[in-house]
Structure formats: C-alpha cells, structure tokens
Amino acid sequence: MVFACTLFSSSKGNCTYVRSGRDEFLIDAGVSAKRICDALANVGGDIKKISAIFITHEHTDHIKGLAVISKKYGIPVYAPYLCARYIKSAFPEVAPFLCENNPGNTVELLDTVITAYATPHDSQGSVCFRITTPNGVIGYATDIGYASEQVWEALSGADSVVVESNHDLELLENGPYPRALKNRILSDYGHLSNCDCGTLLCRLVHSGVKRIVLAHLSEENNRPPLALAAARGTLMGSGIRVGDDVILRVAPPDGICEIMNIND
Ligand SMILES: [Zn+2]
Ligand SMILES: [Zn+2]
C-alpha cells in the first residue's frame, strides 16, 4: 500500500508524509514539530513511526521543526553534505541523527527506494527525489530555478509528481518585493514560475505521469486558482485532457493534498 500526501506546502513551510509498505517517512520538516505531529495524527500517522526525514535543503521553510523533532524523537535525517554541515552548526541537537544524502545517492528503506537528484536553487546543497514504492513511483521537486536535466530524471515517467508552481510572473513583478529579491526568485537558482511549471508538466504527462500536485506556492506572489489555470491552460493547449489524461491538484499551504493512495 502507498499513501502519500502533502501536510504543509508553501513558501511559509513544507512537509510531506509518505507511507509506503512498511515504511513511513517525511520529506522536509518546515513547520513546528507540534504542527507536524498534529497533521500526522489527522491522517492516521504517528511521528513515533516515522523512520526517516529526507531534507531537500536548509531554508527555514524546510527545516523549521527539525531541531525539536530530533531532540524528542531522534529520527534519522537525510540531507546533502553542505546542507547537513549547515544544520549541524545551526542546530547541534540534530547532528547525531544526520546522514549524508548527496545527489546520486540512493537510500533503501524496507519497501521503498529513494534517490536524490541535484536541484538548481540558491542554497548550500539542495535535492529533489524519485521515490520507488511497491505501488508506483513518486517524483518530488520543489525550490527549483528551472527544470534541469537532473530534475527531469527525478520526475520523468513517474506515476505521481509533486512539482513547484511558485509564482505568477505578473503578481511577482507588480508585488512589494525589492528588485533584488524579485531577480533572485526569477533566476535559474530561484523558484519555478506557474508558466515554466506548465511547460514542464506537458513534458511530464507525455512521459507517462498520471497525477500532478502543484506545490510550494508563494503566499505573496501566487494564488491557487492562478497556478491551476496556468497548468490547465498549458496542458489543454498541447492536447492533454485534464481530468481524463491526468489528475491535477494544488497543495494547500496547511492541509493535505493526496499524492498517491493505493490500498492493496
Ligand atoms: Zn522553500
Ligand atoms: Zn528554498
């Protein structure tokens, strides 16, 4: 069986739960430990059953709850080398539980294989994941400046994908952010726009992807209907029937969005 869902997803905090066969793990822990525990309980999970936390990178919206979770529950934390080095110095309580997980590395749990791929992002070290479960493959990529070859490798041909749809270009351009921050977000090491996400999604659906979750929306520079409309418009424009050929959803900032749910 596989049940995977986002628990929190936005520029304010990210955490995803995966139950795959005998494995239960998290991707990122970017809100408080208490909120993660409560959200897990809401989907029938339990932080005490989590056997690993896979960290994409060290930005606060991905690691905020990590120190308290480590102190209380001592769960192994997989992170790329430079990201792990940063976490170790900023949150020494996490140090005993850190496992290096660099791009190209594969972690085998009991029933699940997780491979890390490099992502283009302005952090010390950042990765996305290809997760092979007993019931199919999940691709997971947020915080990506553009859809690089490695990102493509992580996501292509997966059954379900979680992809960043960070900002609407007009909202970002006309919004309150200082020019330097706007440029950072727009750069190849920033975040994926709704528009670029749509282009990537078309390629992904042609590679076999059947279910898409739009994730990590900016609270300032995006709106769920805008992200959905952009993705839907680009997919429909290339002849893909949304709802028939592919299921398209947007992850709420606080609340679950199903990525995969197969009972057998
Ligand atoms: Zn982020
Ligand atoms: Zn980031």
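Conventions adopted
Residues numbered from 1 in each chain as written. Chains lettered and ligands numbered in written order. Predicted model: local features only at pLDDT ≥ 70, side-chain atom pairs only at ≥ 80, totals over all residues. Heavy atoms only, no water. Helix = DSSP H or I, 4+ residues; strand = E, 2+ residues; numbered from the N terminus. Rg over C-alpha atoms; globule rule 2.2 N^0.38 Å. Buried < 20%, exposed > 50% of the residue type's maximum accessible area, 1.4 Å probe, protein only. Areas by Shrake-Rupley, 256 points an atom, 1.4 Å probe, with all protein chains shown as cover. Lys, Arg positive; Asp, Glu negative; His and termini not counted. Charge placed at Lys NZ, Arg CZ, Asp CG, Glu CD. Contact = heavy atoms within 4.5 Å. Donors = N, O, S within 2.8 Å, 3.2 Å for Na, K, Ca; no water. 1 Å grid on protein atoms, 1.4 Å probe; cavity = no way out; pocket = protein on both sides within 12 Å on 5 of 7 lines; lining within 4 Å. Points joined across faces, edges and corners; volume = space filled by probe spheres on them. Nonpolar A, V, L, I, M, F, W, Y, C, P; charged D, E, K, R; others polar. Pairing = 2+ DSSP bridges. Axes fitted to C-alpha atoms, helices over the stretch in contact; angles between N-to-C directions.

Engineer: Would you mind going over the overall build of the protein with me for this structure?
Structural biologist: For the protein, the count of helices and strands is nine helices and 14 strands. Against the globule reference of 18 Å for 264 residues, the protein gives a C-alpha radius of gyration of 17 Å, in line with a compact fold. Judged by the C-alpha coordinates and their principal axes, the protein covers about 50 × 50 × 35 Å. Burial status across the protein gives 55% buried among its 264 residues. Counting every atom, the protein has about 10,700 Å² of accessible surface; 51% of that belongs to carbon and sulfur. Separation between the mean location of the 23 positive side-chain charges and that of the 29 negative ones in the protein comes to 5 Å.

Engineer: Hey, could you run me through the environment of tyrosine 146 in this one?
Structural biologist: Within the secondary structure layout, tyrosine 146 lies in the loop between β10 (136-141) and α5 (149-155). Tyrosine 146 gets classed as partly exposed once you look at its relative accessible area, which sits at 35%. Taking the C-alpha atoms as reference points, tyrosine 146 and glycine 45, 101 residues apart in sequence, are found 33 Å from one another. What tyrosine 146 contacts, discounting residues up to four positions off in sequence, is Pro120, Val151, Asp188 and Leu192.

Engineer: I'm lost on the coordination of the zinc ion (ligand 1) in this one. Help?
Structural biologist: Four donors placed tetrahedrally about a metal ideally form angles of 109.5 degrees, and six donors placed octahedrally ideally form angles of 90 or 180 degrees. Coordination sphere of the zinc ion (ligand 1), protein contribution only: Asp61 (OD), His62 (NE2), Asp143 (OD) and His216 (NE2), at 2.1 to 2.2 Å. Between the two metals, the zinc ion (ligand 1) and the zinc ion (ligand 2), the spacing is 3.5 Å, and aspartate 143 donates to both. Remark: aspartate 143 occurs in the loop between β10 and α5 and aspartate 61 occurs in helix α2 (residues 60-63); sequence separation between them is 82 residues. We classify aspartate 61 as buried; its relative accessible area is 13%.

Engineer: Would you take a moment to explain the layout of surface pockets for this structure?
Structural biologist: Regions of empty space are outlined by a rolling probe, equal in size to a water molecule, passed over the atoms. Estimated volume of the largest pocket: approximately 190 Å³. As for the largest pocket, its lining consists of 14 residues, and the residues nearest its centre are Ser11, Arg184, Ile185, His191 and His216. Within the lining of the largest pocket, the residues separate by chemical class into three nonpolar, eight polar and three charged.

Engineer: Honestly, the sheet that holds strand β1 (residues 2-8) in this entry has me stumped. Any pointers?
Structural biologist: By definition, the strands of a sheet pair up through backbone hydrogen bonds, in either a parallel or an antiparallel sense. The mixed open sheet is built from seven strands, whose spatial order is β6-β5-β4-β3-β2-β1-β14. Strand pairing shows two members of the sheet lacking a second neighbour, β6 (98-100) and β14 (254-262), which therefore form its edges. Taking the axes of each pair of neighbouring strands and ignoring which way they run, one obtains an average angle of 20° across the sheet.

Functional significance is not addressed by these values, which are geometric in nature.
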